[in-house]
Amino acid sequence: MAAATRLIPLQRHPWFDPWAYPQGDALHDLAADVVARLDRDEEVRSARVRRRRDHIEKGRELSIGVVVANLARLVLPPGETGRLAVVLGKTPLTAKRYRSPASGRLRTALLDQMEDLDLITIERSKRRGEASSIAPTASFAALCGEHRVGLADFGRLSREETIVARPRRDAVVGSSPVLLDYPETGETEAMRAVVVALNAHVAQADIAFLGDGLGAINTHDRHQRRLFNGPPDNPLQGNGRLYGGFWQNLKRERRGALRINGEETAIADYSSMFVRLAYARLGISPPAGDLYAVPGLEDHREAVKVLTSTLFFDQRQRSSWPKDGGLVVPPGWPLPKARAAILGSHPALRSCFGRGLGHELMRLESDIMLAVLDQLREKGVVALNLHDGLIVATGDAMAAQTVMLAIGHQRTGAHLPVVIKHNSGAASASAACS
């Protein structure tokens, strides 16, 4: 009997970033060096008879800049897998607003030529579900060293769309989510202007990360975009949260090493935000105290929080706990029992569960947070978004709290308490905790 064949796990790599681009002189010079090498290669092989048209040549140079920025980023720490997943050949058709110059057949042709020149290696996909990938060679890494490329040299193409719409996860079956187009209106232009202004504000801010011995952090990674996931006929209806920026993926225990304007930092956080927004929608005041403190489940607050949020997003009544990788299900608490306990503490929320209301609540949450961030920007305060909270310099914590309370009440007509926590983890006293 033949021995069983061991299945090799699929390789997963970060995706090629079609909007990364040289910003500093060193990376621009490296890109120009690569352009010159590719041009010489074409001359040696007599691969081109006539000169490219100006707009085609400009698109080629932009594409080379994007490819070079992606490869150079792999050379510098903090590294990930050392490779980038990439689609070779024709890419799926997307709306014009999402199209990068570094895509499709032009990018594939450039990658093939750079492989011939020993600047990259390409691993072409050989099985379903695994993307092709690229990596810089030692020769390319040496060029990065010669040009003294550093983290501050990386930027973004200015034409990158910052208001992005995708289908909801439950609307996409068996395929990667596509990007949805949407009509341009005064509202979308205003939303885009806010995100662009926030990105510019954060890009020039004094933000540092002290070494904590747990790995390097790229504090130059500050670009954010607003992601929506409404239905195809109304793409901007759901979510709307800001994504991006190195701080969003920074583990909680590492935030103590963050400095803004040379100061230690604090978290200004809306308390039990989703539940309070649901109560505000109903026009009812919530009970006093911690809204996730459910009798019998006092030691399982995080599980109650996850389940409550899930019940808001469900389209129908569920029968089992959500499958969340970090969720610890309280022993002896099957879903029906836990749901009944939550409704015992919050009977008014019965009409809010199982109706997909979570998307609407998340959109309201994101509108509130964007308004807060924009007002703080106008006041000159540097605030880093954490979805329903902010990271600010300790000296700006009270100013952030004041703005959050005002915007919360303005948008909902309800009191949305704001808790301030120093990044050591200890909550400070706050009049807004009532």
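So, here is what we can say about the structure in this document. Since this is a predicted model, take the numbers as computed values, not measurements.

## A closer look at the pattern of salt bridges
Tallying each qualifying case throughout the model produces 27 salt bridges. In this structure, E365 engages R241 in a salt bridge whose closest nitrogen and oxygen atoms are separated by 2.7 Å. Taken together, the residues span a long stretch of sequence, with E365 in helix α9 (residues 358–378) and R241 in strand β9 (residues 239–243) at a distance of 124 residues. We note a salt bridge from R281 to E360, for which the minimum N-O separation is 2.8 Å.

## Remarks on the sheet that holds strand β3 (residues 120–123)
Ordered by their spatial adjacency, 3 strands build an open sheet running β2-β4-β3, and the pairing between neighbours is antiparallel. Edge positions in the open sheet fall to β2 (84–86) and β3, since each of these has one partner strand only. Ignoring strand direction, the axes of neighbouring strands in this sheet form an average angle of 30°. In terms of strand pairing, β3 meets strand β4 (residues 132–136) through 4 bridges, oriented antiparallel. Bridge pairing in β4 links T121 to A135. Here helix α2 (residues 54–75) sits on the sheet in contact with β2, β3 and β4, set at roughly 65° to β4.

## Some remarks on the nonpolar core
Core analysis: the biggest nonpolar cluster contains 66 residues, and Y270, F312, L349, I368, V372, L376 and L390 have the highest contact counts within it. Counting residues per element, this core draws most heavily on α9, which supplies 9 residues. With near-sequence residues (within four places) excluded, L376 lies in contact with V381, A383, L390, A399, A400 and V403. If you look at the next biggest cluster of nonpolar residues, it comprises 37 residues, including V66, V86, F140 and F154.

## What about the packing of aromatic side chains?
This model, assessed by the stated rule, comprises 4 aromatic pairs. Centroid distance F274 to F312: 6.3 Å. Interplanar angle 70°. Geometry classified as edge-to-face. Of this pair, F274 sits in helix α6 (residues 273–282) while F312 sits in helix α7 (residues 301–313), and the two are 38 residues apart along the sequence. Overall, the relative accessible area of 8% leaves F274 in the buried class. Plain terms: the ring middles of F312 and F353 are 5.2 Å apart, the flat faces sit at 65° to each other, and that makes the pair edge-to-face. You can see F312 sitting in helix α7 and its partner F353 sitting in the loop between α8 (335–345) and α9, a full 41 residues away along the chain. We note that F312, like F353, is buried.

Definitions and cut-offs
For every chain, the first residue of the written sequence is number 1, and numbering continues from 1 along that sequence. In view of the model being predicted, local features appear only for residues whose pLDDT reaches at least 70, and side-chain atom pairs are presented and counted only at 80 or more, with totals across whole chains, interfaces and linings using the full set of residues. Note that water and hydrogens are dropped before the side-chain values are worked out from all heavy atoms of the structure. Each salt bridge in this description consists of a side-chain nitrogen of Lys or Arg and a carboxyl oxygen of Asp or Glu lying within 4 Å of one another. Runs of E in the DSSP output that reach at least two residues are strands. Runs of H or I that reach at least four are helices, and both are numbered from the N terminus. Two strands form a pair only when DSSP identifies at least two bridges running between them. Orientation is described by lines fitted to C-alpha atoms, with helices fitted over the stretch in contact, and by angles between N-to-C directions that extend from 0 to 180 degrees. Contacts are assigned to residue pairs with any non-hydrogen atoms lying within 4.5 Å of each other. Among buried residues, the Ala, Val, Leu, Ile, Met, Phe, Trp, Tyr and Cys ones that are joined through side-chain atoms within 4.5 Å form a nonpolar core. Buried residues are those whose accessible area, probed at 1.4 Å on protein chains only, stays under 20% of the maximum for their type, while exposed residues exceed 50% and partly exposed ones sit between those limits. Between 30 and 60 degrees the pair is tilted, below 30 it is stacked and above 60 it is edge-to-face, where a pair is any two Phe, Tyr or Trp rings, Trp via its six-membered ring, whose centres lie within 6.5 Å.

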